Amino acid sequence: MSTRSDSLRKRLIHILADGGLYSGADLARRLNVSRTAIWKHIRHMRTCGLVIESARGRGYQLRQTVGLLQAKTIRSLLSPAVSGRVSSLQVLFETTSTNDVLSENYGRASLHGHVLLAEYQSQGRGRRGNDWISPLAGSINMSLGWHYDMPPQHPGCLSLAIAVGVMRVFGQHGIAGAGLKWPNDIFANGRKLGGILVEMRGENAGPVDVIVGIGININSAAAIRLADDEVTDIQALTGRPPSRNRLAASLINELVMMLERYPELEIGSLLQEWRGYDCARGRKATIRLPDRTCSGQVIGVDDHGLLQMRIDNELQTFTSGQISFTVQN
Amino acid sequence: MDIRKVKKLIELLEESGVSEIEVCEGEESVRISRQVHTQSTQTHVQVPDVGAALASGGTNPVAVELQSEPQPEPGHIITSPMVGIFYASPAPGEPPFVSVGQVVNKGDVVCVLEAMKIMNQIESDVTGTISRVHVSNGEAVEYGQPLFTITEVE
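What counts as what
Residues numbered from 1 in each chain as written. Chains lettered and ligands numbered in written order. Predicted model: local features only at pLDDT ≥ 70, side-chain atom pairs only at ≥ 80, totals over all residues. Heavy atoms only, no water. Domains from an automatic or database assignment. Helix = DSSP H or I, 4+ residues; strand = E, 2+ residues; numbered from the N terminus. Expected span 1.5 Å × (residues − 1). Buried < 20%, exposed > 50% of the residue type's maximum accessible area, 1.4 Å probe, protein only. Arc of directions from axis to C-beta. Contact = heavy atoms within 4.5 Å. Core = buried A, V, L, I, M, F, W, Y, C linked by side-chain atoms within 4.5 Å. Salt bridge = Lys/Arg side-chain N within 4 Å of Asp/Glu carboxyl O. Buried area = accessible area lost by both parts, 1.4 Å probe. Polar contact = N/O pair within 3.5 Å; in protein donor to acceptor, adjacent residues only side chain to side chain. Nonpolar A, V, L, I, M, F, W, Y, C, P; charged D, E, K, R; others polar. Pairing = 2+ DSSP bridges.

1. Let's talk about the domain arrangement of chain A
Under the domain assignment, chain A is made up of domain 1 (3-62), domain 2 (71-276) and domain 3 (281-327). When each unit is reduced to the centre of its C-alpha atoms, the spacing between domain 1 of chain A and domain 3 of chain A is 47 Å.

2. Looking at helix α3 (residues 35-47) of chain A
Residue and element names in this part refer to chain A. Its 13 residues give α3 an end-to-end C-alpha distance of 19 Å, which sits within 8% of 18 Å, the value for a rise of 1.5 Å per residue. Where α3 is concerned, the buried positions are I38, H41, I42 and M45. All buried residues of α3 lie within an arc of 100 degrees about the axis, which places them on one face of the element. For α3, the secondary structure elements touched by its buried residues are α1 (4-16), α2 (24-31), β1 (52-55), β2 (59-62) and β3 (88-95). Backbone geometry just after α3 places G49 at a positive phi near 100 degrees.

3. Details of α2(A)
Residues and elements named next belong to chain A. All of the buried residues in α2 are G24, D26, L27, A28 and L31. Of the surrounding elements, those touching the buried residues of α2 are α1, α3 and β2. A positive backbone phi angle near 60 degrees is found at N32, which sits one or two residues after α2.

4. Side note on the nonpolar core
Counting residues in each nonpolar core, the largest one holds 72 residues, and the members touching the most others are L117(A), F170(A) and I252(A). When residues of this core are assigned to domains, at least three map to each of domain 2 (71-276) and domain 3 (281-327) of chain A. With residues up to four places along the chain from it excluded, the contact list for L117(A) reads L69(A), I74(A), L89(A), Q90(A), V91(A), L92(A), T98(A), I140(A), N141(A), M142(A) and A248(A). In terms of nonpolar packing, the next biggest core, distinct from the first, is built from 25 residues, V112(B), V135(B), F148(B) and I150(B) among them.

5. Comments concerning the pattern of salt bridges
Evaluation of the coordinates by the stated rule reveals 13 salt bridges over all chains. In this structure, R168(A) engages E254(A) in a salt bridge whose closest nitrogen and oxygen atoms are separated by 2.9 Å. One end of the pair, R168(A), is in helix α7 (residues 158-172); the other, E254(A), is in helix α9 (residues 244-261), with 86 residues separating them in the sequence. Take R168(A): its relative accessible area is 28%, and that puts it in the partly exposed class. Measuring nitrogen to oxygen at the nearest pair gives 2.8 Å for the salt bridge that ties R168(A) to E273(A). Remark: E273(A) occurs in helix α10 (residues 267-277) and R168(A) occurs in helix α7; sequence separation between them is 105 residues. By sharing partners, the salt bridges in this structure join K181(A), D185(A), K192(A) and K117(B) into a single network.

6. Observations concerning the interface of chain A and chain B
Listed by partner, the interface residues are 29 residues for chain A and 27 residues for chain B. Here chain A meets chain B over a buried area of about 2400 Å², counting both sides, of which 52% is carbon and sulfur. For the pair chain A and chain B, the number of links is 2 salt bridges. Residues D185(A) and K117(B) are paired through a salt bridge, measuring 2.9 Å at the closest nitrogen-oxygen approach. Seen at the junction of chain A and chain B, the total is 12 residue pairs in polar contact (both at pLDDT 80 or more). Counting only elements with at least two residues in the side of chain A that touches chain B, the list comes to α7 and β8 (191-202) of chain A. Among the elements that take part in the side of chain A that touches chain B, β8(A) stands out by supplying 7 residues, more than any other. Residue classes in the side of chain A that touches chain B are distributed as 12 nonpolar, 10 polar and 7 charged. Examined bridge by bridge, β8(A) and strand β9 (residues 118-123) of chain B share 5 bridges and lie parallel to one another. Residue pairing for β9(B): E199(A) is matched across the bridge by M119(B).

7. Re unusual backbone geometry
Of note, the amide linkage connecting W182(A) to P183(A) takes the cis form, showing an omega dihedral of -5 degrees. In this structure, D312(A) takes a positive phi of about 50 degrees despite not being glycine. The residue K117(B) is not glycine, and still its phi comes out positive at about 60 degrees. Its place among the elements puts K117(B) in the loop between β8 (109-115) and β9.

8. Notes on the sheet that holds strand β5 (residues 76-79) of chain B
Within a beta sheet, neighbouring strands are joined by backbone hydrogen bonds and run either parallel or antiparallel to one another. All names here are of chain B. The antiparallel open sheet is built from 4 strands, whose spatial order is β5-β12-β10-β7. Two strands lie at the open edges of the sheet, namely β5 and β7 (103-104), each paired on one side alone. Across 4 bridges, β5 lies against strand β12 (residues 146-152) in antiparallel orientation. Within the sheet, the bridge partner assigned to I77 lies in β12 and is T149.

Shown next, in the form of C-alpha cells:
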C-alpha cells in the first residue's frame, strides 16, 4: 500500500539524499505543502529511525546520504534466469512486515516467485515474536515466496542454505568479516549484522509454501537497540555503505537459484560450506530453550545441520533454541 | 452368545479405536459398531439372535446404547513431520491456534513446529473437532509423535 504520505516522504528523502542542508520553507515550496506538513513528515521519519538533523532557523539535513530502493533498478540487475523466475518484485515504503504482507497478499501456492522489499517495517519480526528493528532506508528488509509441490527432503537445512546464500553475496560484494551463528544469524565482530526467518506452511508430507525473510543492517546500527546482542552494519565493515539496490539484486539472484535447486542440493557440501562461515565454533555460549537455558562450548553443526555443544563435558545436539555468546575472558 | 462375551467385545472395540466388529459363532453372529459423535462415544450393540443371552426381554433385534468415557478417542491423528519444538500459539502471549472442542477446517493452521529456526506452520489435513492435544507448548517433539486427535466430520 503506497499512500500519499509515503510518496511525499519518498520525495522528501530524494531531495535530502545529497546530504545538503535544506530549509523548511524551501522543502515546503518544492513539494507544494506547508512548512508544518514538512515538519510533521520529518518527525514521522525520525520515529522510523531515519537520522535527520535540524539546525534552528537553517533547515534539515540527513546525517547519511540515502539512496532509496527502486524496484525497476533491482529488476534490471537480475540475471535473465532469475528474472524469469521472479513473478513480481515490489518495494514498499512503509509496511508492517514483509513476511506477513507476502503471506496475506498471496494464497496457497500462489506466492511462488514473489519478492517484497520495504524501506521500513513497523512490525518486523524475528524468531518467536522477537522484534526485528529496521530503521527507515537503513537496511534491506526482504521476503521471498516459494512453493514446493513436495516438501524438500531436509527442510530444516533450508535455513542454513539461505544463510550460505547471503554469505556468498557478501563475498561477491567484498563485504568481509561476517560469519554465521547457528542456524542462520549473521554476525560480524560478535555483533548482529542480519537475520533470517524462514516460515513454512503445509500439511504433513504435502505441498509446502515457504517464505524467506531477510533483514540486513546497512548503515542503521546506531538506531537499533537489541536486548540480547550488540548491533553492527555493513557500513561499519566496509567503511561505506554499498548500493542497497545492487545488494538486494544480488541477494535475489543468489537466493532464487538456491530455492530452486534446494530439493536436489547435496546437503553434505552445503553443510561444509556453512561450517566455513561458522563464527561460533569453539566459543563459550548460552543456548536458550523454551524450558531451560544451558551454557557450554559450541562444537559446530553435525551432518544433519543440528547444533552440537559440549555441556558439562557431554556432547549435546539441539534442533532449536537461541544461542547467545557469553562475554567471557 | 454369552452376554459377558458381548461386553468383552464392546471393551475390545473401545480400546482398539476400530469402529465395527462382527463375530460369528455357529449360527449366531454379533455385530458391534459405534458412531463417533463430537464429544462422547456411543456404542450400539445389535444382537440379532438374543436367545437366553438377553433375558431382560425386549424386541428382537435389540439395540443397546452405552455411554462410555471419551478416552481413548478414535479419530484422525496429526503427527509431527519433524523433530522440533511444539508451539501452540503464533507468538508468546498470544492465544493458541486451536484448543479441545474447537472445529478446524482442512488447511487451518493448528500449531507451529520450530526446527533450526524454521517456523513450520502445520495445517490440519482433515475437517473436524479437536478432541485431544497431545503435547504442551514449548515441548520437544519427535518425528511421528502424535500432536492432535481430530474427530472427523462425516
